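# Tertiary structure, described
Below, each chain spelled out in residue letters.
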Amino acid sequence: MAKLFIPIPTQAATGDITSSSQELGESNSFQNASLQYVATGLNTADATVKLQGCNDNQAGAGNWMDITDSTVTLASGSSAAYLIIANVAMKYYRVVFSKGTNSAGTINVLINFN
């Protein structure tokens, strides 16, 4: 059974954003994650989006680590990226958007765990 997580619903891309975390549970039965990053109207090409995971997210202050190969640098204007992450094994996940010098546009991130 798949689990859809929308860590960053469409919102302004003018500030750094760290999503809330998504718990996959003690007996994580998911094996893969597909990530869709969509940006529109960006005015620079240095904003990044990445997936992070941890196993100890107590009160939201876990030891978050970047998931290998999940960081994408977004182009100016409109851009989209789609990534597949294999071997999803962490208990908690979140998404981090870093605006760089960008001051316009929107960002949206969807993740499907399956």
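Scroll up a little and you will see the structure.
Cut-offs applied
- Residues numbered from 1 in each chain as written.
- Predicted model: local features only at pLDDT ≥ 70, side-chain atom pairs only at ≥ 80, totals over all residues.
- Heavy atoms only, no water.
- Helix = DSSP H or I, 4+ residues; strand = E, 2+ residues; numbered from the N terminus.
- Buried < 20%, exposed > 50% of the residue type's maximum accessible area, 1.4 Å probe, protein only.
- Contact = heavy atoms within 4.5 Å.
- Pairing = 2+ DSSP bridges.
- Axes fitted to C-alpha atoms, helices over the stretch in contact; angles between N-to-C directions.
- Lys, Arg positive; Asp, Glu negative; His and termini not counted.
- Salt bridge = Lys/Arg side-chain N within 4 Å of Asp/Glu carboxyl O.
- Polar contact = N/O pair within 3.5 Å; in protein donor to acceptor, adjacent residues only side chain to side chain.

### Some thoughts on the environment of asparagine 32
If you trace the backbone, asparagine 32 turns up in strand β4 (residues 32-42). On the accessibility criterion, asparagine 32 (29% relative accessible area) is partly exposed. Between the alpha carbons of asparagine 32 and glycine 53 there is a distance of 13 Å; along the sequence they are 21 residues apart. Among all residues touching asparagine 32, those that are not within four sequence positions of it are Ile85, Ala86, Asn87, Val88, Asn112, Phe113 and Asn114.

### Quick look at the sheet that holds β4
Hydrogen bonds between backbone groups are what pair the strands of a sheet, and the pairing can be parallel or antiparallel. Taking strand neighbours across the sheet as the criterion, the four strands line up as β1-β10-β4-β8 in an open arrangement whose pairing is antiparallel. The strands lining the two open edges of the sheet, one partner per strand, are β1 (3-12) and β8 (77-86). Strand after strand, the sheet turns through a mean of 5° between neighbouring axes, direction not considered. Bridge count for β4 against β8 is nine bridges, and the pairing is antiparallel. Looking across to β8, one finds that leucine 42 is bridged to glycine 77.

### So, the side chain of arginine 94
Checked against the element boundaries, arginine 94 lands in strand β9 (residues 92-98). Look at arginine 94: it is buried, it has no salt bridge, and the nearest opposite charge is aspartate 66 at 7.2 Å. For arginine 94, the side chain forms a polar contact with the side chain of glutamine 52, separated by 2.7 Å. When near neighbours in sequence (up to four residues on either side) are disregarded, arginine 94 contacts Thr18, Ser19, Ser20, Ser21, Lys50, Leu51, Gln52 and Trp64.

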